[in-house]
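The primary structure of each chain is shown beneath.
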Amino acid sequence: MHIVLLGGGITPDGQLPDKKFIQERLCKVQELHAQLRAPIIISGGYSYLLEEAPPRTEAAAMREALVAMGVPEKAITLEEQSKDTVSNAYFVKKILGQSEDALVIVTSDFHAERAEYIFKQVFGDNCDIRVEAAPSFLPSEQFEKITAHQKELIGKTQELFKGMEPGDETFLDGKFFSDPYYTEERPAWVRKFVANGH
């Protein structure tokens, strides 16, 4: 079993955005590690929607925060190539291989449904996927808007996965980040949200 913490954004100067939902993800991982003593993978380079690469990755910044919270650094592995949820799952599987039988995915409540769908598709039926949804505490109007967008993205992700057998991550080889799924223009508010903490 591994705990997988999904990145929550990074500022242009390589800092974690001062967002409550990011802190809640970190707290959830701290709590789960204390309970399960399972190794942690922090997954996140930076969003493909950002115009320039920040000086460090989401994963590196989150590791620093977790270590400051008392989580042993030796318990943490970084995955720093991903730029969205699909590539989170893809590159985490590249680290763990085909034999992983259980993952606990930590993300925010507004993102949980899509994250679960993607990880189950990439890892397949032989890996038990459990999602721990940290509360985001977003204002209700913003939460509803983001949740609706996430549901829309599930449909687009299903199109990306069309023809893919569950667990066959090689289907995605070469699709990052040039597939129409990635090149389609996203709404301005989505880009703004990502730039301030996705």
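Residues numbered from 1 in each chain as written. Predicted model: local features only at pLDDT ≥ 70, side-chain atom pairs only at ≥ 80, totals over all residues. Heavy atoms only, no water.

Participant: Would you mind going over the overall build of the chain with me for this structure?
Facilitator: Helix and strand content of the chain: 7 helices and 5 strands. Going residue by residue from the N terminus, the α and β elements of the chain occur as β-α-β-α-β-α-β-α-β-α-α-α. Over its C-alpha trace the chain gives a radius of gyration of 16 Å, about what one expects of a compact globule, namely 16 Å for 198 residues. With respect to the three principal axes, the spread of C-alpha positions in the chain is 40 × 40 × 30 Å. Sequence-distant contacts, at least 24 apart, represent 78% of the contacts inside the chain between residues at least 6 apart. A total accessible area of about 9,400 Å² is found for the chain, and carbon and sulfur atoms account for 47% of it. Counting 22 positive and 31 negative side-chain charges, the chain places the centres of these two groups 2 Å from one another. (Helix = DSSP H or I, 4+ residues; strand = E, 2+ residues; numbered from the N terminus. Rg over C-alpha atoms; globule rule 2.2 N^0.38 Å. Contact = heavy atoms within 4.5 Å. Areas by Shrake-Rupley, 256 points an atom, 1.4 Å probe, with all protein chains shown as cover. Lys, Arg positive; Asp, Glu negative; His and termini not counted. Charge placed at Lys NZ, Arg CZ, Asp CG, Glu CD.)

Participant: Can you walk me through the packing of helix 4 (residues 112-123) against helix 5 (residues 140-160) in this structure?
Facilitator: When two helices pack together, their arrangement is given by the angle between the helix axes and the distance between those axes. Taken N-terminus to C-terminus, the directions of helix 4 and helix 5 make an angle of 15°; their axes are 9 Å apart at the nearest point. By the angle class used here, helix 4 and helix 5 are roughly parallel. Note that helix 4 runs across helix 5; the crossing there is right-handed. Residues E113, R114, Y117 and I118 of helix 4 pack against Q150, K151, L153, I154, T157 and Q158 of helix 5. (Axes fitted to C-alpha atoms, helices over the stretch in contact; angles between N-to-C directions. Parallel < 35°, antiparallel > 145°, perpendicular 65-115°, else oblique. Left-handed = near helix turned anticlockwise from the far one by under 90°.)

Participant: What exactly am I supposed to notice about the pairing of strand 3 (residues 76-79) here?
Facilitator: A regular strand places its side chains so that they alternate between the two faces of the sheet. Both strand 2 (residues 40-43) and strand 3 contribute to a ladder of 4 bridges, which runs parallel. Counted as the bridge partner of S43 is E79 from strand 3. Running through helix 2 (residues 58-68), the crossover from strand 2 to the neighbouring parallel element strand 3 is right-handed. (Pairing = 2+ DSSP bridges. Right-handed = clockwise from strand over helix to strand, strands pointing away.)

Participant: What exactly am I supposed to notice about the environment of A68 here?
Facilitator: Within the element layout of this structure, A68 appears in helix 2. Classification of A68 by relative accessible area gives exposed; the value is 69%. Sequence spacing of A68 and R25 is 43 residues, and the spatial spacing of their C-alpha atoms is 15 Å. (Buried < 20%, exposed > 50% of the residue type's maximum accessible area, 1.4 Å probe, protein only.)

Participant: When you look at helix 2 in this model, what are you seeing that I'm missing?
Facilitator: For an α-helix, 3.6 residues make a turn, and residues three or four places apart therefore share a direction. Among all positions of helix 2, only E58, A59, A60, A61, M62, A65 and L66 are buried. Once helix 2 ends, the next one or two residues include G70, with phi positive near 105°.

Participant: Before we go on, may I ask you to explain the packing of aromatic side chains in this structure?
Facilitator: Working definition: an aromatic ring pair is given by the centre-to-centre distance plus the angle between the planes. Throughout the structure, instances matching the rule amount to 12 aromatic pairs. For the ring pair Y48 and F177, a centre distance of 6.2 Å and an interplane angle of 20° mean the geometry is stacked. One end of the pair, Y48, is in the loop between strand 2 and helix 2; the other, F177, is in the loop between helix 5 and helix 6 (180-183), and 129 residues separate them in sequence. Accessibility expressed as a relative area gives 26% for F177, which makes it partly exposed. Taken together, the ring pairs in this structure connect Y48, Y90, F91, F176, F177, Y181 and Y182 into an aromatic cluster. Here K93 stacks its cationic end above the ring of F123, 5.7 Å away from the centre of that ring. Geometry around F171 places K175 over its ring, the cationic atom sitting 5.0 Å from the centre. (Phe/Tyr/Trp six-rings, centres within 6.5 Å; stacked < 30°, edge-to-face > 60°. Lys NZ or Arg CZ within 6 Å of the ring centre and 35° of its normal.)

Participant: Would you explain the pattern of salt bridges in this entry?
Facilitator: Where charged atoms from two side chains of opposite charge approach closely, those side chains can pair. One pass over the full model with this rule turns up 8 salt bridges. Across the pair E24 and K20 runs a salt bridge whose closest N-O atoms are separated by 3.2 Å. Residue E24 and its partner K20 are located together in helix 1 (residues 20-36), separated by 4 residues, close to a single helical turn. Note on K20: relative accessible area 47%, which makes it partly exposed. K156 serves as the salt-bridge partner of E184, at 2.8 Å between the closest nitrogen and oxygen. Taken together, the positions of E184 in the loop between helix 6 and helix 7 (188-195) and K156 in helix 5 put the pair 28 residues apart, joining distant regions of the chain. Taking the relative accessible area as the measure of exposure, K156 reaches 23% and is therefore partly exposed. When salt bridges that share partners are traced, they join K28, R130 and E132 into one network. (Salt bridge = Lys/Arg side-chain N within 4 Å of Asp/Glu carboxyl O.)

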